[in-house]
Amino acid sequence: MKRIIVPGDLVEDKPLHLMDTFIEENKTYATVISIYDDEKKSLVPLEGLWYPQRDEPVIGVIEEAKLNTYTVQLSAPYKGIIISKYTEGKIENGDMVEAYVKELDKTGTVVLSRPRVLHGGKIVIIRPAKVHRLLGRANTMVKQISDGTGAMIKVGMNGAVWLKGGNIDIATDAVLRIQNEAHISGLTERIGNMVKDTAPKNASEPQAPKKHEESA
Amino acid sequence: MKNNGIQLITNGKRLDGRTARDMRSIKITPNVVKNAAGSASIEWGNNKIIAAVHGPTEALPRHTANPDRAVVKCRYMMAPFSSSEEHGRAGMNRRAVEISKVTAEVFENVILLDQFPGTEISIYVEVLQSDGGTRAAGITCASVALALSGIPMKDLPYAVSVGKVGNDLILDLDKIEDNYSEADMPVAILPRTNSIVLLQMDGAMTKEQFKEGLAMVIESGKEISRIQKEAIRAAYQEPEKEKAHM
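Residues numbered from 1 in each chain as written. Chains lettered and ligands numbered in written order. Predicted model: local features only at pLDDT ≥ 70, side-chain atom pairs only at ≥ 80, totals over all residues.

**So, the interface of chain A and chain B**
Taken together, the 31 residues of chain A in the interface contact 32 residues of chain B. If you list the elements that add at least two residues to the side of chain A that touches chain B, you get strand 12 (122–125) and helix 3 (168–181) of chain A. Of the residues belonging to the side of chain A that touches chain B, the class tally is 17 nonpolar, 9 polar and 5 charged. (Contact = placed C-beta atoms within 7 Å. Helix = DSSP H or I, 4+ residues; strand = E, 2+ residues; numbered from the N terminus. Nonpolar A, V, L, I, M, F, W, Y, C, P; charged D, E, K, R; others polar.)

Written out as structure tokens, the structure reads:
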């Protein structure tokens, strides 16, 4: 049976090593709001913060260029830094970048590597606990949105999602809908219906300007 | 029972018709502030309070940061229109500073602070309408807001006050009872272990009355905890509204 558990709720009467739980007196308790499946012994967090893991992709915005580093706003408790000597090409303040976590240093700064500037598009922030639901098993969910709307989508594990091209409005709505309905069953089907064949006719071209833009 | 010229209990009933062990009605609404990481509002009798949580974010000013763990900062504020007395117009008064401090200390006991070194977690408690017991209501509400923000915690604290009128103990004091009772003791509890994380007292009680008062708090806590958990679960009954864009 699946049930919603809140911080301090008993997960199991025995010690289980699950994410977002703690063990006290040989019992397992929840630390965040989650859905727990008693039969499968699986815990899916409904809320939660991002803990940087080595080699996972993140998306952020360059906040400041210093002498030999760039600081990156990651919408997280941690600030990212990119060491200038590892960068190729020009990076400026305000650029959106995709990079990979190299390490979390002792001062709580995430050292990033392999940065790549993302030109154009926009970033939408979702809660980090919903990133895995957005990706889906073997990235099927995000691929479904990308195929349906023709939008390019890159997902940072910090909860920042970069979108560009195609039917970007529907793609954004789909991303936010996944965040809001991640815990309600039948999500894949609902998203499938939402994004199906919504791509502009020539998906490789930027979306046609809207009427008010034409008149401007 | 007459107290300072005001009869707080008549024929076993308090001024608002409650018995000694009755609490006022409590209603908690989750996710009331879109741009906060987590938020909730509470209507506890005539008290109306909003609690919102930000963070963890970089601790500023930097000298407040702790390299080993997050720091909890709380701002409890009463709106200038919340009460008939002077509040909030000139910023925080001594009472607000005190309540902010004790509220932050309540949550320092439950948040897994070592997971976010060098950061700060900010809790804002805004009292829109007050009728006694706002620090207890604020803690109960902030607890729900923190859970909704996804910040890992070991428990969901609640708080309520107990007071003394003559030889009777009364639960959940309102403004008049707070002003004219012989003792007022707000208590915050971690329901999983019944640990006390806040205990203040204004006035005096005997040892027996203190023990009985604590028992009343813990008994009433079952209902408060149930309301908190129900409010959190209600947030997942229907699709939530979209969160902020960058």
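**Comments concerning the domain arrangement of chain A**
Residue and element names in this part refer to chain A. Each domain of chain A was delimited in the assignment, giving domain 1 (2–45), domain 2 (57–118) and domain 3 (122–195). The centre of domain 2, based on its C-alpha atoms, is set 24 Å off from the matching centre of domain 3. Contributing elements (two or more residues each) for the side of domain 2 that touches domain 3: strand 7 (57–65) and strand 10 (96–104). The element that contributes the greatest number of residues to the side of domain 2 that touches domain 3 is strand 7, accounting for 4 residues. Its residues assigned to classes, the side of domain 2 that touches domain 3 comprises 7 nonpolar, 2 polar and 1 charged. (Domains from an automatic or database assignment.)

**Quick notes on the sheet that holds strand 8 (residues 69–73) of chain A**
All names here are of chain A. The mixed closed barrel is built from 5 strands, whose spatial order is 7-8-9-11-10. Put simply, the sheet's adjacent strands are angled 50° from each other on average, direction ignored. Across 7 bridges, the pairing between strand 10 and strand 11 (residues 109–118) is antiparallel. When the sheet's bridge partners are listed, Glu98 is paired in strand 11 with Arg116. (Pairing = 2+ DSSP bridges. Axes fitted to C-alpha atoms, helices over the stretch in contact; angles between N-to-C directions.)

**Thoughts on unusual backbone geometry**
Residue and element names in this part refer to chain B. The omega torsion across Gly55 and Pro56 is 0°, close enough to zero to call that bond cis. Considering the arrangement of structural elements, one finds Pro56 in strand 7 (residues 47–58). Leu60 connects to Pro61 through a cis peptide bond whose omega is -10°. Tracing the backbone through its elements, the reader meets Pro61 in the loop between strand 7 and strand 8 (71–78). Residues other than glycine seldom take positive phi values, yet Asp172 does so here, at roughly 55°. Given 26 C-beta atoms within 10 Å, Asp172 falls into the buried group. (Buried ≥ 20, exposed ≤ 12 C-beta atoms within 10 Å, placed from the backbone.)

**Re the nonpolar core**
All names here are of chain B. Formed by 118 residues in total, the largest nonpolar core has its most connected members in Ala51, Ile123, Cys141 and Ala145. Ranked by residues supplied to this core, first place goes to helix 2 (residues 134–149) with 10 residues. Among all residues touching Ala51, those that are not within four sequence positions of it are Ser39, Ala40, Ile123, Tyr124, Val125, Gly138, Cys141, Ala142 and Ala145. (Core = buried A, V, L, I, M, F, W, Y, C linked by C-beta atoms within 7 Å.)

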